[in-house]
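# Overview (structure and organization)
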Amino acid sequence: MEYVSPEGLRLDGRRPLEMRQINAEIGVVVKADGSAVFEMGNTKVIAAVYGPREVQNRSQQLSDQALVRCEYSMANFSTGDRLRRPKGDRRSSEISLVIRQTMEACILTHLMPRSQIDIYVQVLQADGGTRSACINAATLALADAGIPMRDLITSCSAGYLVNTPLLDLNYVEDSAGGPDLTVGILAKMDKVTLLQMDAKLPMHIFEKVMQVAMEGCRAVAQYIREVLLENTKELEYRRGL
Amino acid sequence: MMGLSLGEKNYIKGGIADDLRCDGRRRLDYRSIAIDTGVIPQANGSARVRMGSTDVIASVKAELGKPSSYRHDCGKVSIFVDCSPTAAPMFEGRGGDELSTELSVALERCLLGGKSGSGAGIDLSSLKIVEGKMCWDLYIDGLVISSDGNLLDALGIAIKAALSNTGIPKVEAMPGTSAEEEPEIDISDDEFTRLDSSKVPIIVTLTKVGRHYVVDATIEEESQMSSAVSMSVNRQGDVCGLTKRGGAGLDPSIIIDMVSVAKHLSQQLIATVDSEIYAAEARESSA
């Protein structure tokens, strides 16, 4: 399969450094304190945030900061072949852990001691880059819930096939067997909070691919800022300001 | 869901007794229903239904399978509902399993008919490919994204919309294989037959609060219910399935009355749902 054609086009017609179309919407789940839908190409993810609220399990309560919990689940119909176990498998547990650690680093938990913040992420369609879409959706949902954060966390994936760094892999490119790098950054401070990669890469190529991924993260951060600004203007208008 | 105070409970019960519910509806009024079809491109058919704050997605996937030993000429259908924790924190981990199972079984009872296959909403013999050897297995998956009461009705509508949106690929079986061999088939990539969903029933749930019944209860109203009757009715007005939920006992005459009220409401609901599905399909094909 020709992942990058001689003219420099990928399987879905994108250029190597081109991201998929992103689309985000806030406030989808009315009952939640904050929620958002985030789409990166065909990958579609809903995040809902409940909190800060009273800790359900007293033994886990922290006296000086908020407890952040996260659950990642995939819908039965999200992948090409129907999934039998929507949650509880190892991959879901690992991604839940990753999202929790990433978001916990940026939430100002010391402002909300003895409380609990729950982040639930549901994948509706999986087409590569689900981890990144989940983190982006969680950032938006936390912002919608009004939970104080240090910075926006955005994430993007990148890979290396046919001697070309590729930004934002879809499922087919991800399964090609090349390296798959996921990066999460604190947008304004430009610091890396999440870094995961599988397969192997020579060091100088790794640096290139990481730079590509970070550029992708910055582009997502730009879009997320626009969406939040739009949302705030809408809220101001509704309040008659 | 937050607990309700005594004042709030009395307000809900009093409103229902006076035929004026919290959101201004009358007892037998439905919330406005918004349907979108084709929301999951990877599935053979899909639909998303929003009734107030209740938001559910249904998807239909067709896979090749073997017919069961006592029904050679029919395909198989199974329904599975998942309650996402985005709808409520209590659905986290295994918390949503009880509700998911209750909804899945109720939907199977309403839509798939009895064990012998009689009374099924979907014509299972249309899913046959090679008699006794190969058939289509339909997997209907429901996902509850946001819950504000009346999940069973919303899922019923979503499944009906998803089934009407479903396209089964055309299959050609190669002739001339012997009885023991696996038949060779050719699955078309771009020719689809639409599934006939005209016989699929929809579900109407009547919730009894105090001495009156309401239709399309919100989650606060459901918390005040003594019992509920869910009935599935098809376009011809035949009752296809019945479930009584809740612990309180009901006088048999009240159940008969609820059944006739539900039948009457279902005709309007079916008309509304059919027109919404038609509009959704038109939007999808023009998009």
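Heads up: these notes are all about the structure in this document. Note that the structure is a prediction, hence the values are computed from the model and not measured.

The helix and strand inventory of chain A stands at four helices and nine strands. Reading the helices (α) and strands (β) of chain A from amino to carboxyl end gives β-β-β-β-α-β-α-β-β-α-β-β-α. Relative to a compact globule of 241 residues, whose C-alpha radius of gyration would be 18 Å, chain A shows 18 Å and is just as compact. Considering only C-alpha atoms, chain A reaches an extent of 55 × 45 × 35 Å along its principal axes. Relative to its full complement of 241 residues, chain A shows a buried share of 56%. Taking all contacts inside chain A whose residues are at least 6 apart in sequence as the whole, residues at least 24 apart take part in 67%. Just so you have it, chain A exposes about 11300 Å², and 49% of that area is on carbon and sulfur atoms.

Once that is clear, we can look at the side chain of B:Ser53. Along the polypeptide, B:Ser53 turns up in the loop between β2 (45-51) and β3 (54-65). Residue classification places B:Ser53 among the buried positions, given a relative accessible area of 17%. When sequence neighbours within four positions are dropped, the list of residues in contact with B:Ser53 reads A:Val30, B:Arg31, B:Ser146, B:Ser147 and B:Asp148.

Residue and element names in this part refer to chain B. Taken together, the side chains of Glu 172, Asp 186, Asp 189 and Asp 190 define an acidic patch exposed on the protein surface. Ranked by residues supplied to the negative patch, first place goes to strand β8 (residues 185-194) with three residues. In this structure, Glu 172 sits in strand β7 (residues 167-173). Judged by relative accessible area, which is 55%, Glu 172 ranks as exposed.

So, on to the interface of chain A and chain B. How big an interface is tends to be stated in terms of the accessible area lost upon association of its parts. Taken residue by residue, the interface counts 26 residues in chain A and 31 residues in chain B. On the surface where chain A and chain B come into contact, there are three salt bridges. Between B:Glu92 and A:Arg69 there is a salt bridge; the shortest N-O distance is 3.0 Å. At the junction of chain A and chain B, the tally comes to 11 residue pairs in polar contact (both at pLDDT 80 or more). Residue composition of the side of chain A that touches chain B, grouped by class: 12 nonpolar, seven polar and seven charged.

Take the sheet that holds strand β3 (residues 43-54) of chain A next. Residue and element names in this part refer to chain A. In space, the five strands of this open sheet follow the order β1-β2-β3-β5-β4, with mixed pairing throughout. The open sheet terminates on both sides in strands that have one partner only, identified here as β1 (22-26) and β4 (67-74). Each neighbouring strand pair of the sheet contributes to a mean axis angle of 15 degrees, computed without reference to strand direction. With nine bridges connecting them, β3 and strand β5 (residues 115-125) associate as antiparallel partners. Of the residues in β5, the one forming a bridge with Val 45 is Val 123. Helix α1 (residues 90-106) rests against β4 and β5 of the sheet, and its axis sits at about 145 degrees to β4. Strands β1, β2 (34-40), β3, β4 and β5 of the sheet are contacted by helix α2 (residues 130-145), whose axis makes an angle of about 150 degrees with β2.

Right, let's get into the nonpolar core. Counting residues in hydrophobic clusters, the biggest one holds 67 residues, and the most contacted among them are B:Ile35, B:Leu107, B:Leu138 and B:Leu163. Sequence-distant contacts of B:Ile35, defined by excluding residues within four places in its chain, comprise B:Arg48, B:Val49, B:Ile157, B:Ala161, B:Val273, B:Glu276, B:Ile277, B:Ala280 and B:Arg283. One finds A:Val68, A:Tyr72, A:Ile224 and A:Val227 within the second-largest nonpolar core, a separate group that totals 64 residues.

What counts and what doesn't
Residues numbered from 1 in each chain as written. Chains lettered and ligands numbered in written order. Predicted model: local features only at pLDDT ≥ 70, side-chain atom pairs only at ≥ 80, totals over all residues. Heavy atoms only, no water. Helix = DSSP H or I, 4+ residues; strand = E, 2+ residues; numbered from the N terminus. Rg over C-alpha atoms; globule rule 2.2 N^0.38 Å. Buried < 20%, exposed > 50% of the residue type's maximum accessible area, 1.4 Å probe, protein only. Contact = heavy atoms within 4.5 Å. Areas by Shrake-Rupley, 256 points an atom, 1.4 Å probe, with all protein chains shown as cover. Patch = residues over 30% accessible without salt bridge, like charges linked within 9 Å, V, L, I, M, F, W, Y side chains within 5 Å. Salt bridge = Lys/Arg side-chain N within 4 Å of Asp/Glu carboxyl O. Lys, Arg positive; Asp, Glu negative; His and termini not counted. Charge placed at Lys NZ, Arg CZ, Asp CG, Glu CD. Polar contact = N/O pair within 3.5 Å; in protein donor to acceptor, adjacent residues only side chain to side chain. Nonpolar A, V, L, I, M, F, W, Y, C, P; charged D, E, K, R; others polar. Pairing = 2+ DSSP bridges. Axes fitted to C-alpha atoms, helices over the stretch in contact; angles between N-to-C directions. Core = buried A, V, L, I, M, F, W, Y, C linked by side-chain atoms within 4.5 Å.

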